[in-house]
Amino acid sequence: MLVLGGKCALHDLRRLIGTSTMQTLLHDYATAHWYGISTVTDFKAAAQAATTVDLTSFWTTHRI
């Protein structure tokens, strides 16, 4: 199970990268991991690949 620090972290991520990018990220990530194992590392990599915004400080701030 993927745990990111709750819905607040996901909400904050959406505010940072934008709604459209977040929707695409979640859709593509769910599709890619439909019957597989999901890890925090995988999600972080997918999120970073979906945007040009450097997410390093976001993960640190949210302790992810």
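Right above here is the structure, for reference.
These figures come from a predicted structure and were not determined experimentally. Residue numbers run consecutively from 1 along every chain, following the written order of its sequence. Totals for whole chains, interfaces and linings use every residue, but because this is a predicted model, local features are given only for residues with pLDDT of at least 70 and side-chain atom pairs only at 80 or more, for both listing and counting. The basis for every side-chain value is the complete set of non-hydrogen atoms in the structure, without hydrogens or water.

1. Focus on the overall build of the protein
Helix and strand assignments follow DSSP, with helices taken as H or I runs no shorter than four residues and strands as E runs no shorter than two, numbered in order from the N terminus. The helix and strand tally for the protein stands at four helices and zero strands. When the helices and strands of the protein are placed in sequence order, the string is α-α-α-α. Only protein chains enter the accessibility calculation, which uses a 1.4 Å probe. A residue is then buried if its area is under 20% of the maximum for its type, exposed if over 50%, and partly exposed in between. Looking at the protein as a whole, 20% of its 64 residues are labelled buried. What makes two residues a contact is simply this: any of their non-hydrogen atoms within 4.5 Å. Taking as baseline every contact in the protein between residues at least 6 positions apart, the subset at least 24 positions apart corresponds to 56%. Exposure was quantified through the Shrake-Rupley algorithm and a 1.4 Å probe, taking into account, for residues, occlusion by the shown protein chains and nothing else. Within the structure as shown, the protein displays about 4500 Å² of accessible surface, and the carbon and sulfur contribution to it stands at 60%.

2. Things to note about the packing of aromatic side chains
Aromatic pairs are defined between Phe, Tyr and Trp rings, using the six-membered ring for Trp, whenever the two ring centres lie within 6.5 Å; interplanar angles under 30 degrees are classed as stacked, those over 60 as edge-to-face, and all others as tilted. Tallied over the full model, the rule gives three aromatic pairs. Ring geometry for Y29 versus F43: centroids 5.2 Å apart, planes at 85 degrees, classification edge-to-face. Of this pair, Y29 sits in helix α2 (residues 19-32) while F43 sits in helix α3 (residues 40-50), and the two are 14 residues apart along the sequence. Take F43: its relative accessible area is 1%, and that puts it in the buried class.

3. Some points on the packing of α2 against α3
Only C-alpha atoms enter the line fits that serve as axes; for helices the fit covers just the stretch in contact. Angles between N-to-C directions range over 0 to 180 degrees. Close contact between α2 and α3 brings their axes to 10 Å; oriented N to C, the two are set at 135 degrees. Between α2 and α3, the angle is such that the two are oblique. Judged by the twist between their axes, the crossing of α2 over α3 is right-handed. On α3, the residues touching T21, L25, L26 and Y29 of α2 are D42, F43, A46, A47 and A50. Residue classes follow a fixed rule: Ala, Val, Leu, Ile, Met, Phe, Trp, Tyr, Cys and Pro count as nonpolar, while Asp, Glu, Lys and Arg count as charged, and any other residue, Gly among them, counts as polar. For the contact of α2 with α3, the per-class residue count stands at seven nonpolar, one polar and one charged. Here the word oblique covers every angle except those under 35 degrees (roughly parallel), over 145 (roughly antiparallel) and from 65 to 115 (roughly perpendicular). When the near helix sits turned anticlockwise from the far one by under a right angle, the crossing is termed left-handed; a clockwise turn instead gives a right-handed crossing.

4. Quick notes on the nonpolar core
Looking at soluble globular proteins, one finds that nonpolar side chains tend to be buried together. The set of buried Ala, Val, Leu, Ile, Met, Phe, Trp, Tyr and Cys residues whose side-chain atoms join them within 4.5 Å is what this entry labels a nonpolar core. Counting residues in each nonpolar core, the largest one holds 10 residues, listed as L13, I17, M22, L25, Y29, F43, A47, L55, F58 and W59. Residue assignment for this core shows that the elements contributing at least two residues are α1 (7-17), α2, α3 and α4 (56-61). What M22 contacts, discounting residues up to four positions off in sequence, is L10, L13, R14 and I17.

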